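In case you want the letters, here they are:
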Amino acid sequence: MFIVFFIRSGEKTQGSGEKKVKSREKIISLLLQDGSLSAASLAGHIGITAKAVEKQLARLKAEGLIRRVGPDKGGYWQVLKEP
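Predicted, not measured: the structure shown is a model, and the values here were computed from it.

Engineer: How would you summarise the overall build of the protein chain if you had to cite specific residues and measurements?
Structural biologist: From N to C terminus, the protein chain includes three helices and two strands. Starting at the N terminus and walking to the C terminus, you meet the elements of the protein chain as α-α-α-β-β. Considering only contacts within the protein chain whose residues lie at least 6 apart along the sequence, 32% involve residues at least 24 apart.

Engineer: Before we move on, could you go through the side chain of Gln56 and cite the residues and values that matter?
Structural biologist: Topologically, Gln56 is positioned in helix 3 (residues 50-62). Its relative accessible area of 16% is what places Gln56 among the buried residues. Non-local contacts of Gln56, meaning those with residues more than four positions away in its chain, are made with Arg24 and Ile27.

Engineer: Which residues make up helix 2 (residues 39-46), and what values go with them?
Structural biologist: Regarding helix 2, the residues found buried are Ala39, Leu42, Ala43 and Ile46. Seen along its axis, helix 2 keeps its buried residues to an arc of 100°; they face one direction. Facing away from the buried surface of helix 2 by more than 90 degrees, the exposed residues are Ala40, Gly44 and His45. Those residues of helix 2 that are buried lie in contact with helix 1 (23-33) and helix 3. Just past helix 2, the residue Gly47 takes up positive phi, approximately 95°.

Engineer: Can you break down the environment of Leu42 residue by residue, with the values?
Structural biologist: Relative to the helices and strands, Leu42 is located in helix 2. In the structure, Leu42 is positioned twelve residues away from Leu30 in sequence and 7.5 Å away in space, judged by C-alpha atoms. In contact with Leu42, other than residues within four places in its own chain, are Ile27, Leu30, Leu31, Leu37, Val53 and Leu57.

Engineer: Give me the packing of helix 1 against helix 3: which residues, what numbers.
Structural biologist: Packed helix pairs are characterised by how far apart their axes lie and by the angle those axes make with each other. For the pair helix 1 and helix 3, interaxial distance at closest approach is 10 Å and the crossing angle is 80°. The angle between helix 1 and helix 3 falls in the class roughly perpendicular. Note on element contacts: helix 3 touches helix 1 through Val53, Gln56, Leu57 and Leu60, opposite Arg24, Ile27, Ile28 and Leu31.

Conventions adopted
Residues numbered from 1 in each chain as written. Predicted model: local features only at pLDDT ≥ 70, side-chain atom pairs only at ≥ 80, totals over all residues. Heavy atoms only, no water. Helix = DSSP H or I, 4+ residues; strand = E, 2+ residues; numbered from the N terminus. Contact = heavy atoms within 4.5 Å. Buried < 20%, exposed > 50% of the residue type's maximum accessible area, 1.4 Å probe, protein only. Arc of directions from axis to C-beta. Axes fitted to C-alpha atoms, helices over the stretch in contact; angles between N-to-C directions. Parallel < 35°, antiparallel > 145°, perpendicular 65-115°, else oblique.

Have a look at this one:
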């Protein structure tokens, strides 16, 4: 007997069959709690690389979901809309 599971592109599942929370959703959640988090600290919380976080931040910014307020050092991320 074979059981076949189909996973749509972009979806990841855990062993229990539940959908994992996407990195971008985790980033937004963390930024809502503390907008001053850096890409490196976000990466540490989520468990992905800082470069991957930077890519996600760039996408979120391009989609108008977040914006940077102030300079790179001393500024913070503001969440404009939740996905």
